Amino acid sequence: AEAAAAPGGGGSSPAGGGSVPVLFCFSVFARPSSVPHGAGYELLIQKFLSLYGDQIDMHRKFVVQLFAEEWSQYIDLPKGFLVSERCKVRLVPLQIQMTTLGNLTPSSTVFFCCDMQERFRPAIKYFGDIISVGQRLLQGARLLGIPVIVTEQYPKGLGSTVQEIDLTGAKLVLPKTKFSMVLPEVEAALAEIPGVRSVVLFGVETHVCIQQTALELIGRGLEVHIVADATSSRSMMDRMFALERLARTGIIVTTSEAVLLQLVADKEHPKFKEIQNLIKASAPESGLLSKV
């Protein structure tokens, strides 16, 4: 495995009896386990594979890092490192596989619907249009069995999700005050979805909650697709520069039709006709995309 070529060291034979608790982190996941006292690099790799083997691409190179309390951050696993006390380690990919960048499959995708709330209706440009497109995306998610995570920014003051958006079957509907959707509850929900690689993200506002969510998600190793025709702000200038900035970071700026057709991939897909009907019922262009 390529992972075995990553820097690090240490033998795999226990230096003493008993086991030591270790928190194993990979992407957005964190799972507590244990290894024998004195375990080294090889045993740590074996444990990562046993915990996350179905999500680790063995054709990629990785580095194992140790959380260092004195630095309050992760450092590359020291040479000759042996587990002697409770610790936290993570497996970090060293490169992105460009050949798979942008691919969407229902089994590895989650939809994030961000703050589509009533109080934003009069303030957000083309809000009616992004509601229509957002509802179509959620219908598509239900047809394809894709999990949906929804947040509402301070609903006590800003109201609940608009009535036009049907949240039936959503995995999680969560109030928040943080701008990013990446809350502990959201991370826990993601950890329950095996093999998740891609997040399809839409809602408001593009330059605030959408932007901060997208940046946190890619920082956790997930691929992010922002749906341009379902994402807006109060200011078209804010929206335009946010989308340009995000695209430069490797986030994919796309459209609802592109997302839905990529998810079915083939006209022989059993849900193709239903997805096609959703697309045919789409609202006319509003001018929103001309502002990208």
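Computed from a predicted structure; not experimentally measured.

A. Seen up close, the packing of aromatic side chains. Per the stated rule, a full pass over the model turns up 6 aromatic pairs. Note on F24 and F48: the rings are 5.0 Å apart at their centroids and 85° apart in plane angle, and the pair reads as edge-to-face. You can see F24 sitting in strand β1 (residues 19-26) and its partner F48 sitting in helix α1 (residues 41-52), a full 24 residues away along the chain. Here the two residues F24 and F48 agree in accessibility, since each one is buried. An aromatic cluster is built from F24, F26, F29, F48, Y52 and F62, whose rings are joined through pairwise contacts. Positioned above the aromatic ring of F29, the side-chain terminus of R31 is 5.6 Å from the ring centre. The side chain of K88 reaches across the aromatic face of F67, ending 4.6 Å from its centre.

B. Examining the side chain of S233 more closely. If you trace the backbone, S233 turns up in the loop between β10 (223-232) and α6 (236-248). Overall, the relative accessible area of 0% leaves S233 in the buried class. Within the local environment of S233, its side chain forms a polar contact with the backbone nitrogen of T206, the two atoms lying 3.0 Å apart.

Definitions and limits used
- Residues numbered from 1 in each chain as written.
- Predicted model: local features only at pLDDT ≥ 70, side-chain atom pairs only at ≥ 80, totals over all residues.
- Heavy atoms only, no water.
- Phe/Tyr/Trp six-rings, centres within 6.5 Å; stacked < 30°, edge-to-face > 60°.
- Helix = DSSP H or I, 4+ residues; strand = E, 2+ residues; numbered from the N terminus.
- Buried < 20%, exposed > 50% of the residue type's maximum accessible area, 1.4 Å probe, protein only.
- Lys NZ or Arg CZ within 6 Å of the ring centre and 35° of its normal.
- Polar contact = N/O pair within 3.5 Å; in protein donor to acceptor, adjacent residues only side chain to side chain.

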